[in-house]
Amino acid sequence: MIRMENVSPTNISPAGMKDGMSMGMMHPSNLLHTVQQCAATCDHMITHLLHHEDIHARRYQLELLRDCADICHLTASCIARNSRMNRMLAHICEVCGNECAKFSDHHSQHCAQVCLHCARECRVFAIQA
């Protein structure tokens, strides 16, 4: 059995679970990092698009980026306090990632990869929770 005083929140992963320890007892730091990275990427993309010449053609993308960033920020807070409410995040990240993937510029393609990765990680964590 793992003694909790010997385990810091930053070095536990779902694969490191032992002896029936539930996800509610540990801090999923890998997922937290992924969600924070997704939020920051979406925030960066919003700023980039605000100065983009075809901002009107990207209105839906901009709306999804705002939703995704906001939900990721909220989800990061929930994860940090061991809430299990992160299951809703996967859908918005997937929709946002798919919208970003429609645009060929480097920033949109990178954002698509980050959002889709976040969606996959949230789904995996939701299954394990």
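Anything mentioned here points back to the structure above.
Parameters and conventions
Residues numbered from 1 in each chain as written. Predicted model: local features only at pLDDT ≥ 70, side-chain atom pairs only at ≥ 80, totals over all residues. Heavy atoms only, no water. Helix = DSSP H or I, 4+ residues; strand = E, 2+ residues; numbered from the N terminus. Buried < 20%, exposed > 50% of the residue type's maximum accessible area, 1.4 Å probe, protein only. Contact = heavy atoms within 4.5 Å. Areas by Shrake-Rupley, 256 points an atom, 1.4 Å probe, with all protein chains shown as cover. Core = buried A, V, L, I, M, F, W, Y, C linked by side-chain atoms within 4.5 Å. Salt bridge = Lys/Arg side-chain N within 4 Å of Asp/Glu carboxyl O. Expected span 1.5 Å × (residues − 1). Phe/Tyr/Trp six-rings, centres within 6.5 Å; stacked < 30°, edge-to-face > 60°. Lys NZ or Arg CZ within 6 Å of the ring centre and 35° of its normal.

## Observations regarding the overall build of the protein
- Helix and strand content of the protein: four helices and zero strands.
- N-terminal to C-terminal, the α/β element order of the protein is α-α-α-α.
- Within the protein, the fraction of its 129 residues that count as buried is 40%.
- A fraction of 63% describes how many contacts in the protein between residues 6 or more apart in sequence connect residues 24 or more apart.
- Carbon and sulfur atoms make up 55% of the accessible area of the protein, which totals about 7,500 Å².

## Structural notes on the nonpolar core
- Val 35, Cys 38, Cys 42, Leu 65 and Cys 68 are the most contacted members of the largest nonpolar core, which has 31 residues in total.
- Those elements that provide at least two residues to this core are helix 1 (29–50), helix 2 (59–80), helix 3 (89–101) and helix 4 (106–128).
- In terms of residue count, helix 1 provides more of this core than any other element does, nine residues in total.
- Not counting the four nearest positions on each side in its chain, Cys 38 is found in contact with Cys 68, Cys 72, Cys 93, Val 114, Cys 115 and Cys 118.

## With respect to the pattern of salt bridges
- Enumeration over the complete set of coordinates arrives at five salt bridges.
- Note that Arg 58 and Asp 54 form a salt bridge whose closest N and O atoms lie 3.3 Å from each other.
- For Asp 54, a relative accessible area of 28% puts it in the partly exposed group.
- Connected through shared salt-bridge partners, Asp 54, Arg 58 and Asp 105 make up one network.

## Focus on helix 3
- Relative to the 18 Å expected for 13 residues at 1.5 Å per residue, helix 3 spans 18 Å between its end C-alpha atoms, a close match to the ideal helical length.
- When helix 3 is considered as a whole, its buried residues turn out to be Leu 89, Ala 90, Ile 92, Cys 93, Cys 96, Gly 97, Glu 99 and Cys 100.
- Taken together, the buried residues of helix 3 touch helix 1, helix 2 and helix 4.

## Some thoughts on the packing of aromatic side chains
- Across all of its chains, the model carries zero aromatic pairs by this definition.
- The ring centre of Phe 103 lies 4.1 Å from the NZ or CZ of Arg 58, which sits over that ring.

## Some remarks on helix 2
- Compared with an ideal rise of 1.5 Å per residue, which puts 22 residues at 32 Å, helix 2 spans 32 Å between its outermost C-alpha atoms and is within 8% of the ideal.
- Along helix 2, the positions that sit buried rather than exposed are Gln 61, Leu 62, Leu 64, Leu 65, Cys 68, Ala 69, Cys 72, Thr 75, Ala 76, Cys 78 and Ile 79.
- As for helix 2, its buried residues are in contact with helix 1, helix 3 and helix 4.
- A positive backbone phi angle near 65° is found at Asn 82, which sits one or two residues after helix 2.

## Details of the side chain of Thr 41
- Within the element layout of this structure, Thr 41 appears in helix 1.
- Among the residues examined, Thr 41 registers a relative accessible area of 12% and is labelled buried.

## Examining the environment of Leu 32
- Mapped onto the elements of the fold, Leu 32 is located in helix 1.
- Leu 32 gets classed as buried once you look at its relative accessible area, which sits at 11%.
- It is 7.2 Å that separates the C-alpha atoms of Leu 32 and Ala 80, two residues lying 48 residues apart in sequence.

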